[in-house]
Amino acid sequence: MGRYTGKTCRLIFMLVITVVFFVAEIVAGYAGNSIALVSDSFNMLSDMVSLCVGLLSARLSRRRGSARCSYGLARVEVVGALSNAVFLAALLFSISAEAIKRLTRPERIDDPFLVLVVGSLGLAVNVVGLFIFQDCRWMCGRARRAAGEKSEEKTVMNGEAGPLAHQAESQQKDTNQSDGQPLNIRGVLLHVLNDALGSVVVVVASVLFYVWPDDANAPCNWKCYVDPSLTLVMVAIILISAAPLMKETTSILLQMSPPDLTVATILEDVSRLAAVVSVHEVHVWELVKDRNVATLHVKVNSEFGKSELRSLYAQIREVFHKAGIHSVTIQVEISDDELDGSLCSNPCMSTGCLKLSCCPTEPTFASGNKGNQSHSLGEVSVDMVDGTKNVLRERDTKQLKGKPTETTKF
Amino acid sequence: MGLGQTHGRLLCMLCLTFGFFIVELVVSRVTASLAMLSDSFHMLSDVIALTVALVAVRFAEKTQATSKNTFGWIRAEVMGALVNAVFLTALCFTILLEAVERYADPHEIENPRVVVWVGVAGLLINLLGLFLFHGHAGAGGHGHSHGGHTHGGHSHGGHSHKNYEKSDKLARKEAEEEACNLMVKSNCGQAGDQAVQIESDVILSRNLNVQMNGDVSLEQLEQSSETAAQLNMRGVFLHVLGDALGSVIVVVNALIFTFVWRPCHGEETCTNPCYNSHCSDHQHTHSEVHSLSNATGGVVSAAGPCWVLYLDPTLCVIMVVILLYTTFPLLKESALILLQTVPKQIDMQRLDGKLRSLEGVLAVHELHIWQLAGSRIIATAHVKCHDPASYMDIAKRIKSFFHDEGIHATTVQPEFSSDATESSVSECELPCYSRCAPKLCCETNRKSGSESEALVGTEDSSSQGTPQQHTVSWNIQQEPEAALQTHMESTV
């Protein structure tokens, strides 16, 4: 079975353990009259919330496409991971607020032994959780490689025999790309890590109070400051660990192009094909990690027959396939006007629609390679095509007048 | 509301809130009041929310496509809205936990008068914020209704007559030129000038109609095109609302405390009967006093009334409920946009059916419609046609169809089937290699194998048929191993 079953099983197991421990801690707290235990049990509650979010997104993300979600719900994992990360950030915020309050008004731990015992149990539970969610990487990698070899059969594209040499290459890519944990699990892992470090702090502080007991009426000494300061250190550690997850999820959700691809190189390869006059309106984005989608408009220069179109499609798809993009939608525009190199021959109804199209200040990754002015695709620079006698273009440049070419570096 | 205005308001509120946060910090230090300190952290959370919204607005200004982001950054505002909504939910969660703790272990307020004054000041600032961002709270709802109306507005242009009249001449000219350009491109090699003239007239009139609709719907869409910014501002508004409610609770609580609570003074023998819950750490004092009162037989004054101590957590719980109730729609809406679901106002099945019924379109597959942000909706589709020669005409028709539906950014891939058999009509002619199946955007019908052909054949008997049949194509047509995999997954 795939790793999907493994994922939900682990989540359910961890959820069960957390619920059990939460109930135990609450009961112990009320029975032993200790507020500290009750408030510590609430940490487990937040853990449960994050596990539920993780579980829900793991279940939902398997749903197929439907009339309400044409891409299916694959992205639920990404949104779930982001929610977990933001939820964690908010918790860290309130924890650090508490810690700062404790620094201004330090309190001692009243019953260090009980706190020590329960803290150690909590730490054990969290270490088990960390272990559960960490283990599978090397095992899963091996299993996937084996499965990949088994299912290697004919590679045919578009009804024609495609090149067979890319088998090994794509297999290589497979193993490279699937090394990271699924985003879902990473979000939950951060919560468990937060809890584990919190338990560590609790254990350390209570050990200090247990080993060097204080008189109940004496003012608070250095030991009282250990807890809040260690807590602040822990908050910093977890924020740093959460940053990569947040960056990755935001880059997927913002429709950014996949980080290991250069769109410009792909465009150059496509525009070098024999039949292509120009390429515009190129969009590449990640649906989820390893599933990339691209759309582009391609201008060809003469009436095409079915077979020529088919082979053109095959060539373009080959370029994208090599780049790791396997879902491509190609809009073909048949144009004889060489001067009109890079503008869309099939735009929406009026120029007013430009504002409502996906990208209102319409830069075109123009690459004229048939004697037109060629524009460097280079870095991020976006060049506007100069106006000619073509009225359509004049209207466009009129709209876009005043927007200077921009190099935006992220 | 212009972008600059939004920017200015956010910046203004950010400075005010941050300044007040500093003030509250100082006051709490001076008066050694813990309640003040916790209220100041509420202000800090407000500052964080405003910063997130501001960053989102700054990002979303760059709408140009770049190499890093081929769509520009316009989605940043939806992200900002989601982050703020989740942040607010998490804060509500922590407030709820604190309130539960307070029930178990109630505290008195120290320095209630100072708390009243600072609380009132905070409330004033939050009311100012509410006023600044108020336009967005209600308008969030309006955004929906506009979005819902765009569809109606397309087919019946009854509104904005003045717009139409003003741009009538311009529209006519534009439509004419556009028609001519497209005609030149698509119909080279066809009949002579006469035919071209007639056809261009026909297309001109059609374009004009479309142009009319375009202008009308454009105005409505412009109003709803701020939906992305509105989402962002709604997030900010909810944060400020939460803070305002918090300040109200602080002020009310402190006022009641000042006037109703009889505290224990130092010189009298006094008990605090409210601290007698089973969770208390003060049990020993209670028993001590009990024995004391038995011994002396005198009157022991008690601090009270106790319900005052439970007022704060109760009000907090009510506030959390209100906030969660108002935040949930924002959370749902921004999550749905980010998940790339089909926008609410578009009925995919109906659209699919109408697209298939266009002249020249044999079949449609891989239809995807999603919302980038606001009213920018994007669609991609694979369309099967007869032959390439007449394709540009069909393409124009398809674009105009999508335009009528409110979708202005489309990529339509034409496919021309090599054989006219029914079974191949709804298969994609151009998939990637078969081993790329797990890396496709979605698992749809694959190349012709015997299994998929059988599936295709049965449900595609009338390719122009009812929409019902074809919507199933998303679910049923799968590569055999993918089907097996999903079956196994679903048993877990």
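Predicted model only: the values in this text are computed from it and were never measured. (Residues numbered from 1 in each chain as written. Chains lettered and ligands numbered in written order. Predicted model: local features only at pLDDT ≥ 70, side-chain atom pairs only at ≥ 80, totals over all residues. Heavy atoms only, no water.)

## What to know about the overall build of chain B
Each helix and strand counted, chain B has 15 helices and five strands in total. Here chain B holds 492 residues, and 54% of them are scored as buried. Counting contacts in chain B only where the partners sit at least 6 residues apart, residues at least 24 apart contribute 78% of the total. By element, 63% of the accessible surface of chain B is carried by carbon and sulfur atoms, the whole surface being about 20900 Å². (Helix = DSSP H or I, 4+ residues; strand = E, 2+ residues; numbered from the N terminus. Buried < 20%, exposed > 50% of the residue type's maximum accessible area, 1.4 Å probe, protein only. Contact = heavy atoms within 4.5 Å. Areas by Shrake-Rupley, 256 points an atom, 1.4 Å probe, with all protein chains shown as cover.)

## Regarding the overall build of chain A
The number of helices and strands found in chain A is 11 helices and five strands. Burial status across chain A gives 54% buried among its 410 residues. Summed over its atoms, the accessible surface of chain A is roughly 17400 Å², and 62% of this surface lies on carbon and sulfur atoms.

## A look at the sheet that holds strand 4 (residues 291-300) of chain A
Residues and elements named next belong to chain A. Read across the sheet, three strands follow the order 3-4-5 without closing on themselves; strand pairing throughout is mixed. If you trace the sheet from one side to the other, it starts and ends with strand 3 (276-288) and strand 5 (327-334), each paired once. Adjacent strand axes in the sheet meet at a mean angle of 10°, parallel and antiparallel pairs treated alike. The pairing of strand 3 with strand 4 spans nine bridges and is classified as antiparallel. (Pairing = 2+ DSSP bridges. Axes fitted to C-alpha atoms, helices over the stretch in contact; angles between N-to-C directions.)

## A short note on helix 9 (residues 263-271) of chain A
All names here are of chain A. All buried positions along helix 9 are accounted for by V263, A264, I266, L267, V270 and S271. Down the axis of helix 9, the buried set is contained in an arc of 160°. They therefore lie on one face. Packing partners of the buried residues in helix 9 comprise strand 3, strand 4 and helix 10 (306-323). (Arc of directions from axis to C-beta.)

## Remarks on the pairing of strand 5 (residues 409-416) of chain B
Counting buried positions along strand 5 of chain B yields eight of eight residues, so the element is predominantly enclosed. The handedness of the strand 4 (residues 376-385) of chain B to strand 5 of chain B crossover, carried by helix 12 (residues 391-405) of chain B, is right-handed. (Right-handed = clockwise from strand over helix to strand, strands pointing away.)

## Topic: unusual backbone geometry
In this structure, D290 of chain A takes a positive phi of about 75° despite not being glycine. Here D290 of chain A shows up in the loop between strand 3 and strand 4. Judged by relative accessible area, which is 22%, D290 of chain A ranks as partly exposed. Its identity as a non-glycine residue notwithstanding, Q340 of chain B has a phi of 60°, on the positive side. Within the element layout of this structure, Q340 of chain B appears in the loop between helix 10 (307-338) and helix 11 (348-356).

## Quick notes on the nonpolar core
If you look at the biggest cluster of nonpolar residues, it comprises 122 residues, and the most contacted ones within it are L11 and F133 of chain A together with L10 and F133 of chain B. Counting 53 residues, the second-largest nonpolar core is a separate cluster that includes V282 of chain A together with L367, A381 and F402 of chain B. (Core = buried A, V, L, I, M, F, W, Y, C linked by side-chain atoms within 4.5 Å.)

## Quick look at a nonpolar patch on the surface
All names here are of chain A. On the surface, a nonpolar cluster with roughly 800 Å² of combined accessible area is contributed by F113, V117, L121, V207, Y210, V211, W212 and W222. Elements represented by at least two residues in the nonpolar patch include exactly helix 4 (112-134) and helix 7 (183-211). Here V211 lies in helix 7. (Patch = residues over 30% accessible without salt bridge, like charges linked within 9 Å, V, L, I, M, F, W, Y side chains within 5 Å. Salt bridge = Lys/Arg side-chain N within 4 Å of Asp/Glu carboxyl O.)

## As for the sheet that holds strand 3 (residues 363-373) of chain B
Paired through backbone hydrogen bonds, the strands of a sheet run either parallel or antiparallel to each other. Residue and element names in this part refer to chain B. Read from one edge of the open sheet, three strands run 3-4-5, paired in mixed fashion. Each edge of the sheet is formed by a strand with only one pairing partner; in this case those strands are strand 3 and strand 5. Each adjacent strand pair in this sheet contributes to an overall mean axis angle of 10°, direction not counted. By the bridge criterion, eight bridges tie strand 3 to strand 4 in an arrangement that is antiparallel. If you follow A363 over to strand 4, its bridge partner there is K384.

## What about helix 8 (residues 223-253) of chain A?
All names here are of chain A. Taking 1.5 Å of rise per residue, the 31 residues of helix 8 would be expected to cover 45 Å, and the 45 Å separating its terminal C-alpha atoms lies within 8% of that figure. A maximum bend of about 30° is found in helix 8 at A242, where proline P244 lies one to four positions downstream. Immediately beyond the C-terminal end of helix 8, within one or two residues, lies Q255, with a positive phi of roughly 60°. (Expected span 1.5 Å × (residues − 1). Bend = angle between axes of the 7 residues up to and from the residue.)

## Points about the pattern of salt bridges
Counting across every chain of the model gives nine salt bridges over all chains. A salt bridge links R272 of chain A to D269 of chain A, with the nearest nitrogen and oxygen atoms 3.2 Å apart. In this structure, R350 of chain B engages E405 of chain B in a salt bridge whose closest nitrogen and oxygen atoms are separated by 3.5 Å. Of this pair, R350 of chain B sits in helix 11 while E405 of chain B sits in helix 12, placing them 55 residues apart in sequence. Given a relative accessible area of 6%, E405 of chain B falls into the buried group. If you follow the salt bridges from partner to partner, you end up with E268, D269 and R272 of chain A in one network.

## Here's the deal with the pairing of strand 5 of chain A
Put simply, side chains in a regular strand alternate between the two faces of the sheet. Residues and elements named next belong to chain A. Across the eight residues of strand 5, eight count as buried, placing the element largely inside the fold. Burial of strand 5 is two-sided: the residues S327, T329, Q331 and E333 facing one way and the residues V328, I330, V332 and I334 facing the other way are all buried. Where strand 4 lies against strand 5, eight bridges are found, and the strand directions are parallel. Each bridged residue has a counterpart across the sheet, and for L296 the counterpart in strand 5 is I330.

## Considering the environment of L338 of chain B
Looking at where L338 of chain B falls in the secondary structure, it is placed in helix 10. Once residues lying within four places of it in the same chain are set aside, the contact partners of L338 of chain B are R75, V79 and L253 of chain A together with R75, V78, M79 and L82 of chain B.

## Quick word on the state of the cysteines
Residue and element names in this part refer to chain B. All chains considered together, the criterion is met by zero disulfides over all chains. The thiol of C316 is unpaired, and the distance to the nearest cysteine sulfur, on C92, comes to 10 Å. Taking relative accessible area as the criterion, C316 reaches 17% and is therefore assigned buried. (Disulfide = S-S within 2.5 Å.)

## Side note on the packing of aromatic side chains
The relative placement of two aromatic rings is captured by the distance of their centres and the angle of their planes. For the coordinates displayed, the defined rule picks out 13 aromatic pairs over all chains. Plain terms: the ring middles of F87 of chain A and F93 of chain B are 5.5 Å apart, the flat faces sit at 50° to each other, and that makes the pair tilted. With F87 of chain A in helix 3 (residues 76-104) and F93 of chain B in helix 3 (residues 76-104), this residue pair bridges two chains. Accessibility expressed as a relative area gives 16% for F93 of chain B, which makes it buried. With a centroid separation of 6.3 Å and an interplanar angle of 55°, the aromatic rings of F93 of chain A and F87 of chain B are classed as tilted. Here F87 of chain B lies in helix 3 and F93 of chain A lies in helix 3, a pairing that spans two chains. (Phe/Tyr/Trp six-rings, centres within 6.5 Å; stacked < 30°, edge-to-face > 60°.)

## Quick notes on the packing of helix 4 of chain A against helix 7 of chain A
Residues and elements named next belong to chain A. In the contact formed by helix 4 and helix 7, the axes pass within 8 Å of each other and the chain directions differ by 155°. Considering their axes alone, helix 4 and helix 7 lie roughly antiparallel with respect to each other. In this structure, helix 4 meets helix 7 at a crossing whose hand is left-handed. A per-class count over the contact of helix 4 with helix 7 returns 19 nonpolar, eight polar and one charged. (Parallel < 35°, antiparallel > 145°, perpendicular 65-115°, else oblique. Left-handed = near helix turned anticlockwise from the far one by under 90°. Nonpolar A, V, L, I, M, F, W, Y, C, P; charged D, E, K, R; others polar.)

## A look at the packing of helix 3 of chain A against helix 8 of chain A
Residue and element names in this part refer to chain A. Contact pair helix 3 / helix 8: the axes reach a minimum separation of 9 Å and the direction vectors enclose 160°. Judged by the inter-axis angle, helix 3 sits roughly antiparallel to helix 8. Note on packing geometry: the crossing formed by helix 3 with helix 8 is left-handed. Split into classes, the residues belonging to the contact of helix 3 with helix 8 amount to 21 nonpolar, four polar and two charged.

So far we have only geometry, and geometry alone does not tell us how the molecule works.
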